[in-house]
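Listed here are the chains, written in short residue letters.
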Amino acid sequence: MSPKDGKSLKRIIWITALLALVFLYSAIYLLPSLKEINHLRRETREFSLMSEDLQKLKIAIDFPDKKEQKYFSQVKRQLKNQLPVVKDETELNALYGAISGYIQQTAGRDRVGDIEMKLFIKAEADKQPGSKQPRLHYRVWALNFPGELGRVLTFINHIPGGEYYLVLDRISIFEGQPHPRYQVLLRVYYFDRSPSPDAPAEICRYIGLDIDPDSEILLDRVYDHGWHPFQQSELPRGWGSQIFVNPGAPSSRR
Amino acid sequence: MVKKEKIKYPGSLETGSKPGTRRFTVLKILTVFLLALLLGSTVYLEKLKNTHDQAAQKVRASYFNLSQNLSRIKITREKRANFFKGRFLLDFPSRFAFQAAGLVKHLAEITPPQVALVQLDIQPAGSSLRFTLAGSINAGNEPEARAQFLPFYTRIETLDNLVRLDHTFNQGSFTRTTKGFTFTITGDMELK
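Here is a short report on the structure shown in this document. (Residues numbered from 1 in each chain as written. Chains lettered and ligands numbered in written order. Predicted model: local features only at pLDDT ≥ 70, side-chain atom pairs only at ≥ 80, totals over all residues. Heavy atoms only, no water.)

**A closer look at the overall build of chain A**
Let me state the cut-off plainly: In this text, helices come from DSSP runs of H or I with a minimum length of four residues, and strands from runs of E with a minimum of two, each type numbered from the N-terminal end. Burial classes follow relative accessibility: with a 1.4 Å probe on protein chains only, a residue under 20% of its type's maximum area counts as buried, one over 50% as exposed, and anything between as partly exposed. We call two residues contacting when some pair of their heavy atoms lies within 4.5 Å. For the area figures, the Shrake-Rupley method with a 1.4 Å probe applies, and any residue is considered shielded solely by the protein chains shown.
Looking only at helices and strands, chain A has five helices and four strands in total. Within chain A, the fraction of its 254 residues that count as buried is 40%. Taking contacts inside chain A between residues at least 6 apart in sequence as the whole, the part at least 24 apart equals 71%. With the model as given, the accessible surface of chain A reaches about 14,800 Å², and the carbon-plus-sulfur share is 55%.

**Description of the interface of chain B and chain A**
Selection criterion: Accessible area that two parts lose when put together, with a 1.4 Å probe and added across both, is what the buried area reports. Any carboxyl oxygen of Asp or Glu that lies within 4 Å of a side-chain nitrogen of Lys or Arg is treated as forming a salt bridge with it.
Listed as interface residues are 75 residues of chain B and, on the opposing side, 90 residues of chain A. When chain B packs against chain A, the two sides together hide about 7,900 Å² of surface, and 72% of this comes from carbon and sulfur. Across the chain B-chain A interface, the total number found is five salt bridges. The partner of Asp121(B) in a salt bridge is Arg170(A), and the shortest N-O contact between them spans 3.4 Å.

**As for the nonpolar core**
Heads up, the rule is: As used in this record, nonpolar core signifies buried Ala, Val, Leu, Ile, Met, Phe, Trp, Tyr and Cys residues forming a set joined through side-chain atoms within 4.5 Å.
The biggest cluster of nonpolar side chains holds 90 residues, and the ones touching the most others in it are Ile103(A), Ile122(B), Phe131(B), Ile156(B) and Ile185(B). Counting residues per element, this core draws most heavily on helix H2 (residues 70-110) of chain B, at 16 residues. If you look at the next biggest cluster of nonpolar residues, it comprises ten residues, including Leu54(A), Leu219(A), Tyr63(B) and Leu66(B).

**What about the packing of aromatic side chains?**
Applied cut-off: Here the aromatic set is Phe, Tyr and Trp, taking the six-membered ring for Trp, and pairing holds for ring centres within 6.5 Å; pairs whose planes are under 30 degrees apart are stacked, those over 60 apart are edge-to-face, and all others are tilted.
All told, the structure shown has 19 aromatic pairs over all chains when counted by the stated rule. Residues Phe47(A) and Tyr63(B) carry aromatic rings whose centres are separated by 5.4 Å and whose planes lie at 70° to one another, so their mutual orientation is edge-to-face. Taken together, the residues span two chains, with Phe47(A) in helix H1 (residues 3-60) and Tyr63(B) in helix H1 (residues 19-67). Across the pair, exposure class does not vary: Phe47(A) and Tyr63(B) are buried alike.

Here is the structure:
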């Protein structure tokens, strides 16, 4: 090997060492540092945005005052009064008897006769998997009857007006002769022990009603929205043509 | 005696230095420059990291300070959602019954004699009322049946609080007549 070749080799080794140094520096320090800086910048931006949102939310929300607390407890109390606690089968039968009496009385007042009432479904209101043992249950009773349409509609309108929390689950009208036939499914909720604080949520889950937790309406005090309770009122009088009645239909008389 | 002359290489900066030695010097300078560059970038990156770290710590602390109110906000929202649900549930049976009865009454007012209503189902669906109406039209042919059906359907569309209305209209037999044209109308009404 000539001295010239030796020097060239030395140069090559030197350059390779420099390149290796640059490579190692990039791999061990430069790239991780850039990554870390990028991560810190992203984190700063995210926390800034979240802080900004939270700040806006803090400014926008009105925390409950005494008046609003009264509204909350009033609704809770009303619901608790409406939903009975039924501890055993005897109490359930007593409830059934009371509701049946109320239905027959209302039907008599509205001149709708021949109501057949039977148990349709017995179930727990909360069927969410993994949830706690539900306290809220319901039974669905089916009311089957014929009747003149105008009177029946008045009766249907009067059903929820009593002291019991009766939800019309389904109203079916079939053509009949001389009057249409009806099947009204009536849902009755009850607790099997002390009332559950989650009862409204459980019932709402059943009806399919949900409130967006991010809704802006939840930022204001509830009385600011001027909620007016529904006023029970009578249906307007006067009827059009006789519907669900035709001579070829099955007779509604039993 | 021959006088030794210093050999001059073309293009050399340093007269008299050998080309290998000169290149090696350039390499050394380059190495020093590279090391200085790496050192400089290390110092700069460390400073940058430190700045960003401090900024991140600052906004994180500010967020955690603010987030102490978050659970209070969450509880307030839950209470209000429960209130609205509760109010809705208290009114729901009466609202539903009144609106369902009102729907049937409206149908009785708008149904022409040539349209026979066979079955009506009304059910709650969230904050709405869902109905399915089945009926038939006794007509000689489809255009005639369609001509009778459409005004009826248009009148249903005038229902207050109606949010959806669909229909199927097919030729076929129904319970009443083998020549009848049957239809099904489905709709959703918002509970008011």
